[in-house]
Amino acid sequence: IIMSISKSFIKQVISILLICFPAYAFAQESSPFKGKIANDEYQVYIEMNFYDNNIVCPNQEIFGSNPGYFGAIRDTRKWIIMDAYVNGNKATLTIINDYGSDDLKATLTYNSDKSFTLERIDGSPIRIVVNNAWVKLPKKLVFHMAKKQ
């Protein structure tokens, strides 16, 4: 009896997992604009949740909760995503620097290879400090999901 209960229980657990795993994978795929993406070449990243707009930029709490922010590993300054409008695999963004002196419009596209492309459409270029010098980032940057730490 114990053996038959165990087999039955195992079958039920496997059935539940087979049903739940595709649902989880679909949920991840259907909400790509949530999480952390990174560009290793420039050592920059985007922390985002364009669905709940509940990201607070570290040391910039005065801005409250927002869709996300753009940061650099080698620079403490942040660019805050003030607005994000998602339409399918593309989000239209309004981004300001943490002083509020520069702003830009950009799109963030979720590509078929699961990468993301950030493209400045209008406004100021994004600049970061590297080795005590300002570096202007290119108009178009490709990001990938950040590695879990």
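Above this text sits the structure in question.
Residues numbered from 1 in each chain as written. Predicted model: local features only at pLDDT ≥ 70, side-chain atom pairs only at ≥ 80, totals over all residues. Heavy atoms only, no water.

Draft legend 1. Layout of the sheet that holds strand β6 (residues 75-87). What the 8 strands build is a closed barrel, ordered β1-β2-β5-β6-β7-β8-β9-β12; its pairing is antiparallel. Between one strand axis and the next, the sheet turns by 30° as a mean value, whatever way the strands run. Looking at chain direction, strand β2 (residues 44-49) and strand β5 (residues 68-72) are connected through 5 bridges and run antiparallel. Bridge pairing in β5 places I46 opposite F70. (Pairing = 2+ DSSP bridges. Helix = DSSP H or I, 4+ residues; strand = E, 2+ residues; numbered from the N terminus. Axes fitted to C-alpha atoms, helices over the stretch in contact; angles between N-to-C directions.)

Draft legend 2. Quick peek at the packing of aromatic side chains. Per the stated rule, a full pass over the model turns up 5 aromatic pairs. Ring plane angle 15° and centroid distance 5.6 Å describe the contact between F33 and F50, whose orientation is recorded as stacked. Placement of the pair is F33 in the loop between α1 (2-30) and β1 (34-39) and F50 in the loop between β2 and β3 (55-56), with a sequence separation of 17 residues. Here the two residues F33 and F50 agree in accessibility, since each one is buried. Centre to centre, the rings of Y110 and F116 are 5.0 Å apart; their planes meet at 50°, and the pair counts as tilted. F116 sits in the buried class, given a relative accessible area of 0%. Chaining the aromatic ring pairs together yields one cluster made of F33, F50, Y110 and F116. Over the aromatic face of Y45 sits the side chain of K36, whose NZ or CZ is 4.4 Å from the ring centroid. (Phe/Tyr/Trp six-rings, centres within 6.5 Å; stacked < 30°, edge-to-face > 60°. Buried < 20%, exposed > 50% of the residue type's maximum accessible area, 1.4 Å probe, protein only. Lys NZ or Arg CZ within 6 Å of the ring centre and 35° of its normal.)

Draft legend 3. Molecular detail of the nonpolar core. In terms of nonpolar packing, the biggest core is built from 26 residues, with F50, F70, L93, L108, L118 and F143 touching the most fellow members. Among the elements of the structure, β2, β5, β6, β7 (90-97), β8 (103-110), β9 (116-123), β10 (127-130) and β12 (140-145) are those that each provide at least two residues to this core. In terms of residues, this core owes the most to one element, β8, which gives 4 residues. When residues no more than four places from it in sequence are discounted, the contact partners of F70 are V44, Y45, I46, K78, W79, L118, I126, L137, L141 and F143. Core analysis: the second largest hydrophobic core is formed by 7 residues, I55, C57, Y69 and I80 among them. (Core = buried A, V, L, I, M, F, W, Y, C linked by side-chain atoms within 4.5 Å. Contact = heavy atoms within 4.5 Å.)

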